[in-house]
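# Results of the structural survey
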Amino acid sequence: PEDLLCSYKGVLYPVTHCSAETFKALESFEARSDDVLLVGYPKTGTNWIVHILRDLVTTSAKKNEEEMKRMKQDEEIVEYTYLEFGDPGKFQRIKKLSSRRVFATHVFPHMLPTSIFKNNVKILMVIRNPKDIAVSYFHFSNSIPSLPSFKTWDEFFNAFLNGKVSWGSYFDHIIEWNKHFDDENIMFITYEELKENSNLGVKKIAEFFGFSVTNEESQAVADRNSFQTMKENSHKTHGAFGNVLFRKGSVSDWKNLFTEAQNQEMDKKFEESLAGTKLGAKIKYGVYCK
Ligand code: A3P
């Protein structure tokens, strides 16, 4: 299973999606100041928010393309959207995309091109309870061929806690992004708050990026991208991958897998590494929700 992953600058990535060549090409990628960038560790809900962002772009541009057209575009979405995915030549093709372009990434901030920070690209960062991320990531890893599978949950739990999974440690990811906590061009949202009140979350996101949408429009964006709707459409948008990606979409599913010892171990890890950071303090429903 090790040959499914490659290590780049000390962090693991799936070889089917990432390569040293693409990481190198990414370094000189020229971001535009009106680019829309989503940052989130795997399984924080990045696909969901990418869809919200793309919907906001079309809604505010008053294009209102038909559902089918939107879905067709989705077939190309993965290659273009996740900055570190695909072949190094993709950055030439991305240049041709019209504004506003929507990108996402799972990487640490130092892996991103300096143009993103120089050009003041607005960054939305999504965070999620690490316990739910771990459970989601475990099921995901065991469902797709591009990631190594794990014989037991216990085995995955230890790998996750020690950052021996693709894109490295979630705890390090938060620590590194916490350094950008006070940047002017960054906004943070939790998976849990977006889930609890999607219309409000969509409104906040729209306002941050300067999309003008009415209350009805933001509600429509939230509804079109609800878990139920996305799951129902997923055979068209994501094929067989849909069932894997849109698994449960709920909060606190960790309770179904964690043992009490694992719960305490992750609480300890959280306390030691994240609880004292501003970003860590924003992770709701983590240690404090039992
Ligand atoms: P679960 O495995 O807990 O269900 P990512 O897109 O970053 O890989 O994150 C995937 C997680 O987001 C999965 O979590 C998935 O079900 C959830 N998700 C996807 N679309 C969603 C939506 N529209 N609303 C809520 N959660 C969603």
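Residues numbered from 1 in each chain as written. Predicted model: local features only at pLDDT ≥ 70, side-chain atom pairs only at ≥ 80, totals over all residues. Heavy atoms only, no water.

Looking at an unreviewed UniProt entry, the protein carries the name Sulfotransferase, with the source organism given as Terrapene triunguis. According to UniProt, the comment filed for the protein under the heading Sequence similarities (unreviewed entry) is "Belongs to the sulfotransferase 1 family." (UniProt positions renumbered as here; feature names shortened; annotations may be inferred.)

## Details of the sheet that holds strand β6 (residues 186-190)
In space, the four strands of this open sheet follow the order β4-β3-β5-β6, with parallel pairing throughout. A strand with exactly one partner marks an edge of an open sheet, and here the two such strands are β4 (102-105) and β6. Adjacent strand axes in the sheet meet at a mean angle of 20° when their direction is disregarded. Relative to β6, strand β5 (residues 122-127) is paired through five bridges, and the arrangement is parallel. The residue bridging V126 from the neighbouring strand is I189, located in β6. Helix α8 (residues 170-178) contacts β3 (36-39), β5 and β6 of the sheet and is inclined by roughly 145° relative to β5. (Pairing = 2+ DSSP bridges. Helix = DSSP H or I, 4+ residues; strand = E, 2+ residues; numbered from the N terminus. Axes fitted to C-alpha atoms, helices over the stretch in contact; angles between N-to-C directions. Contact = heavy atoms within 4.5 Å.)

## Thoughts on the packing of aromatic side chains
Summed over all chains, the structure comprises 28 aromatic pairs. Aromatic side chains F29 and F103 sit 5.6 Å apart centroid to centroid with 90° between the ring planes, which places their arrangement in the edge-to-face category. In this pair, F29 sits in the loop between α1 (20-27) and β3 while F103 sits in strand β4, placing the two residues 74 residues apart along the sequence. Looking at F103, the relative accessible area reads 2%, which means it is buried. (Phe/Tyr/Trp six-rings, centres within 6.5 Å; stacked < 30°, edge-to-face > 60°. Buried < 20%, exposed > 50% of the residue type's maximum accessible area, 1.4 Å probe, protein only.)

## Some points on the pairing of strand β2 (residues 11-14)
Strand direction decides the pairing type here: strand β1 (residues 5-8) and β2, joined by four bridges, are antiparallel. Bridged to C6 within β2 is Y13. Here β1 folds back onto β2 in antiparallel fashion, the turn holding two residues, of which K9 has a positive phi close to 45°.

## A few points about the site of the ligand
As a structural note, the neighbourhood of the ligand is formed by 18 residues, with T46, S136, Y191, K248 and G249 the closest of them. T46 places a polar side-chain atom, nitrogen or oxygen, 2.6 Å from an oxygen atom of the ligand. The backbone of F227 places a nitrogen or oxygen atom 3.3 Å from a nitrogen atom of the ligand. Compared with its free state, where it exposes 580 Å², the ligand has 98% of that area covered by protein. In this structure the site holding the ligand corresponds to the largest pocket. (Near = heavy atom within 4 Å. Polar contact = N/O pair within 3.5 Å; in protein donor to acceptor, adjacent residues only side chain to side chain. Areas by Shrake-Rupley, 256 points an atom, 1.4 Å probe, with all protein chains shown as cover. 1 Å grid on protein atoms, 1.4 Å probe; cavity = no way out; pocket = protein on both sides within 12 Å on 5 of 7 lines; lining within 4 Å. Sits in = over half its atoms within 2 Å of the grid points.)

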